[in-house]
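Remarks on the overall topology
Below, each chain spelled out in residue letters.
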Amino acid sequence: MAGVTLSRWTMAYFAMALLALLAAEVLMTAGYGYPQVPVGAPATLVLVHLVVLGWLSLLLCGAMFQFVPVLVAKPLYSMWLCLPVLGLLVAGLIMLLSGFLSLGGVIEPVLPFFALASGLLVAGFVLVLWDIGLTLWNARPLALPARFIVIGIASLAATVSFGAIFALLLGGVAGGFTISRLLVYGLPLHVIAGLAGWLTLTAMGVSYRLLAMFMLAPEQERVSSRAAFWLGTAALAVVVFGGSAAIVMNRAPWWMLLVGALLGLAAVALYVHDMMHLYHARKRRKIELNSTMAMVALAFLVAVALLIVVLLGMGQLTHHIAAVVFLGAFGWLSGLGLAMLYKIVPFLTWLECYGPVLGKGVTPRVQDLVEERRARKWFVLYFLGILGALATLLLGASIGFRIAAALMLVATVGIIVQLVRARRLDDVPSSVRFPAGSHRPRLLMALIQPR
Amino acid sequence: MTTFIDLDVRPILREGGEPFEQIMAAVAALQPNQGLRLFATFKPTPLLNMLGSRGYTHQAREIGDGDWEVLFSPAAADTVRTEVAAAPVAATDTAQWPEPSVTLDNRDLDPPEPMVRILAALESMSTGEVLTALLCREPIFLLPELTKRGHHWCGGFEADGTTYSIMVQVGSRRESTQ
């Protein structure tokens, strides 16, 4: 059958992801991890993986299970896999965090945490690659947004491979000489493949399509978009393959990282240029809060690129790398994620609830599910918190960082409350909330309509 | 002997417009022995298929500068009969469908308004009636809903790659809202 149905477990992915974000922000507010302790300390590793695996990767997986079919206009290869994958990834994350906690001596290594984490996370992500990969394979030839996702999930494979090797090394399962060098020099490769490849390229691909859709902008494949794709792909290839080759040949991979950074910066410049073009070419004059906030997140991506250039010029990049990673993960990726959630959750809820009765009577509009004025202040507070946290990271005022993290935490709670209200249709007048024949959505699970 | 009515949609296409409705109106106005000579800025492949399923054969040729001339002729009655005998009627064989009674241009509407309008229009139509609509993207969430409500549809992107046209015939299996 043609067309795309709702993904049953996407809301459960989003809920788990948001819980992980809240947990990370609570820890940052409490002064856990960097900048109170070094970047490589176990506490910081707990925090970082809570954010990139628990929040960003679960968010992106949930979004991909719903929107890759939308991008390619083909059904998901297997809807059935989504729930076991969520179980594997959450269990793997818990094992990984336990592993880091045992490294820090907080808990006893009662289980081989790292080995279990490797197994569970590799299994979970392999199934993600299988499901999304076959969905894309069945939809060939692929348009540009979908090709970004191909490189994104290839980068995911690289990130998970590096991560699994690190986990086996940390768990004492593996320990050869060459492979141990990986832990010393391979960390930037793991971080770049994850943040720039998996999370950023996939987000870029999805935003080419979704932002055009939400702003009613023409979706023509532009030369600059194709160039952004090839430059981004080349950047990732240089970092992952060139960097690995350098390490295996007993050299530090810095040159590869520099070349990759230059290619990546060019890709980001073209991508930002394309997004500005979409914004100017849009037919919808008054744009919604989600699109405005996505543009703010985009400004943070520009800020990340500029910060990298300035710090490289000053020879301070390695000294301030935590600030760069923070800005990328929270300003750009999390900002975009929260902005997109503010559109996706109401839209999917509207479709689930009112889809069966559309056209048969009066039904609320998607916009009736949200109260933008109320949500706007939380988004503003969130981004102010990011700016404050960035300033304190660069200036080294760790108490200030905790205050900024508290602002982010409050703002995130505010945004989550808005998302839950949309899911529960609390902002729809009760007289029209549930017309006869509509489906009452459950918080964490979409009802798949019988055919 | 077939006579041809000329329709030149190149000016509309060059201005970025969508000539689908004019073409359909011209085809609807054709007499049994009349054909259509269409001038376009590209080979209108979906249109060839769509009119083919309505019993028109075509001859397309490039006439320079990327422009195309397509002659649509009503197929001789015996040819149609042979084809029908040879090929079983598909579920969405639009040749059997009546002229559209509702035509919507939903290209400038905010999503999901195009979907809402199509479903609302279908609710007010009688079984067997046909709706055509133009959209600016493939209505991926609408298609399962059409099938679920028992309607038949046929759609695809036109050769310019930016306009999606869909025809929907109201099905007999109408769901109640209860």
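Residues numbered from 1 in each chain as written. Chains lettered and ligands numbered in written order. Predicted model: local features only at pLDDT ≥ 70, side-chain atom pairs only at ≥ 80, totals over all residues. Heavy atoms only, no water.

**What about the overall build of chain A?**
Per the secondary structure count, chain A includes 14 helices and zero strands. For 451 residues, the compact-globule estimate of 2.2 N^0.38 gives 22 Å, and chain A sits close to it at 22 Å. Its C-alpha atoms give chain A principal-axis dimensions of about 70 × 50 × 45 Å. Put simply, chain A has 451 residues, and 55% of those count as buried. (Helix = DSSP H or I, 4+ residues; strand = E, 2+ residues; numbered from the N terminus. Rg over C-alpha atoms; globule rule 2.2 N^0.38 Å. Buried < 20%, exposed > 50% of the residue type's maximum accessible area, 1.4 Å probe, protein only.)

**Regarding the overall build of chain B**
In terms of regular secondary structure, chain B is built from six helices and eight strands. The order of α-helices and β-strands along chain B, N terminus first, is β-α-α-β-α-β-β-α-β-α-β-α-β-β. Buried residues in chain B amount to 44% of all 178 residues.

**Considerations on the sheet that holds strand 6 (residues 130-135) of chain B**
By way of backbone hydrogen bonds, the strands of a sheet pair with one another, either parallel or antiparallel. All names here are of chain B. In space, the four strands of this open sheet follow the order 5-6-8-7, with mixed pairing throughout. Both outer strands of the open sheet, strand 5 (102-105) and strand 7 (152-157), are each paired with one neighbouring strand and no more. Shown here is a sheet whose adjacent strand axes are inclined to one another by a mean of 10°, direction ignored. In this sheet, strand 8 (residues 164-169) lies alongside strand 7 in antiparallel orientation, the contact comprising six bridges. In the sheet register, W153 faces strand 8, and the bridge partner there is V168. (Pairing = 2+ DSSP bridges. Axes fitted to C-alpha atoms, helices over the stretch in contact; angles between N-to-C directions.)

**Topic: the interface of chain A and chain B**
With 32 residues of chain A at the contact, the number on the chain B side is 28 residues. Together, the buried faces of chain A and chain B total about 2,500 Å²; carbon and sulfur atoms form 64% of this surface. Among the residues chain A hides against chain B, the three largest losses belong to L216, L358 and K360 of chain A. Together they make up 23% of the total. Along the contact surface separating chain A from chain B lie zero salt bridges. Counting across the chain A and chain B interface gives four residue pairs in polar contact (both at pLDDT 80 or more). Mapped by element, the contributors of at least two residues to the side of chain A that touches chain B are helix 2 (42-72), helix 7 (187-215) and helix 11 (321-354) of chain A. (Contact = heavy atoms within 4.5 Å. Buried area = accessible area lost by both parts, 1.4 Å probe. Salt bridge = Lys/Arg side-chain N within 4 Å of Asp/Glu carboxyl O. Polar contact = N/O pair within 3.5 Å; in protein donor to acceptor, adjacent residues only side chain to side chain.)

**Quick look at the nonpolar core**
All names here are of chain A. Core analysis: the largest hydrophobic core is formed by 183 residues, its most contacted members being W55, V128, I132, F330, W332 and F379. In terms of residues, this core owes the most to one element, helix 11, which gives 22 residues. Not counting residues up to four positions away in its chain, the partners in contact with I132 are M64, F65, V68, L76, I149 and I153. (Core = buried A, V, L, I, M, F, W, Y, C linked by side-chain atoms within 4.5 Å.)

**Some words on the domain arrangement of chain B**
Residue and element names in this part refer to chain B. Domain boundaries in chain B define domain 1 (3-86) and domain 2 (94-169). Of the residues lining the interface, ten residues belong to domain 1; the matching set on domain 2 comes to 15 residues. Between domain 1 and domain 2 the total buried area reaches about 1,300 Å² when both faces are included, carbon and sulfur atoms providing 59% of it. Sorting the residues of domain 1 by area buried against domain 2 places E18, F20 and R54 first, and these three jointly supply 43% of that buried surface. At the boundary of domain 1 with domain 2, the tally comes to zero salt bridges. Counting across the domain 1 and domain 2 interface gives zero residue pairs in polar contact (both at pLDDT 80 or more). Residue assignment for the side of domain 1 that touches domain 2 shows that the elements contributing at least two residues are helix 2 (20-28) and helix 3 (45-52). By residue number, the principal contributor to the side of domain 1 that touches domain 2 is helix 2, which donates three residues. (Domains from an automatic or database assignment.)

**Topic: the side chain of T132 of chain B**
Examined against the element boundaries, T132 of chain B turns out to sit in strand 6. Sequence-distant contacts of T132 of chain B, defined by excluding residues within four places in its chain, comprise F20, P100, V102, T103, L104, I166 and M167 of chain B.

**Focus on a nonpolar patch on the surface**
Residue and element names in this part refer to chain A. Residues L103, L170, L183 and V184 make up a contiguous nonpolar surface patch of roughly 320 Å² in combined accessible area. Inspection of the secondary structure puts L183 in helix 6 (residues 177-185). The exposure class assigned to L183 is partly exposed, which follows from its relative accessible area of 32%. (Patch = residues over 30% accessible without salt bridge, like charges linked within 9 Å, V, L, I, M, F, W, Y side chains within 5 Å. Areas by Shrake-Rupley, 256 points an atom, 1.4 Å probe, with all protein chains shown as cover.)

**Things to note about the sheet that holds strand 3 (residues 56-62) of chain B**
Residues and elements named next belong to chain B. Read across the open sheet, the four strands follow the order 1-2-4-3; overall the sheet is mixed. At either end of the open sheet lies a strand with only one pairing partner, and these are strand 1 (3-8) and strand 3. Shown here is a sheet whose adjacent strand axes are inclined to one another by a mean of 20°, direction ignored. Against the sheet, helix 2 touches strand 1, strand 2 (34-40) and strand 3, its axis set at about 165° to strand 2.

**A word on the packing of aromatic side chains**
By the definition in use, this model includes 18 aromatic pairs over all chains. Here the aromatic rings of Y13 of chain A and F65 of chain A are separated by 5.6 Å at their centres, their planes lie at 70°, and the arrangement is edge-to-face. Here Y13 of chain A, found in helix 1 (residues 10-29), pairs with F65 of chain A, found in helix 2; they are 52 residues apart in sequence, far enough to count as distant. Like F65 of chain A, Y13 of chain A is buried. Geometrically, the ring pair formed by F347 of chain A and F141 of chain B is edge-to-face, given 5.4 Å between the ring centres and 70° between the ring planes. With F347 of chain A in helix 11 and F141 of chain B in the loop between strand 6 and helix 6 (142-148), this residue pair bridges two chains. The pair F347 of chain A / F141 of chain B is uniform in exposure class, with both members buried. Feature note: the residues F148, Y208, F229, W230, Y271 and W332 of chain A constitute an aromatic cluster, connected by ring pairs. A cation sits over an aromatic face here: R282 of chain A above Y279 of chain A, 4.4 Å from the ring centre. (Phe/Tyr/Trp six-rings, centres within 6.5 Å; stacked < 30°, edge-to-face > 60°. Lys NZ or Arg CZ within 6 Å of the ring centre and 35° of its normal.)

**Details of unusual backbone geometry**
Glycine aside, residues mostly have negative phi, and peptide bonds are mostly found in the trans state. Cis rather than trans, the peptide bond between Y34 of chain A and P35 of chain A has omega equal to 5°. By secondary structure assignment, the location of P35 of chain A is in the loop between helix 1 and helix 2. The linkage connecting P111 of chain B with the following residue, P112 of chain B, adopts the cis geometry, with an omega of 5°. You can see P112 of chain B is positioned in the loop between strand 5 and helix 5 (113-123).

**Some thoughts on the domain arrangement of chain A**
Residue and element names in this part refer to chain A. Assigned domains of chain A: these are domain 1 (1-140) and domain 2 (311-451). Distance between the C-alpha centres of domain 1 and domain 2: 18 Å. On the side of domain 2, 35 residues touch domain 1, which itself brings 31 residues to the contact. Between domain 1 and domain 2 the total buried area reaches about 2,900 Å² when both faces are included, carbon and sulfur atoms providing 80% of it. Run the count over domain 1 and domain 2 and you get zero salt bridges.

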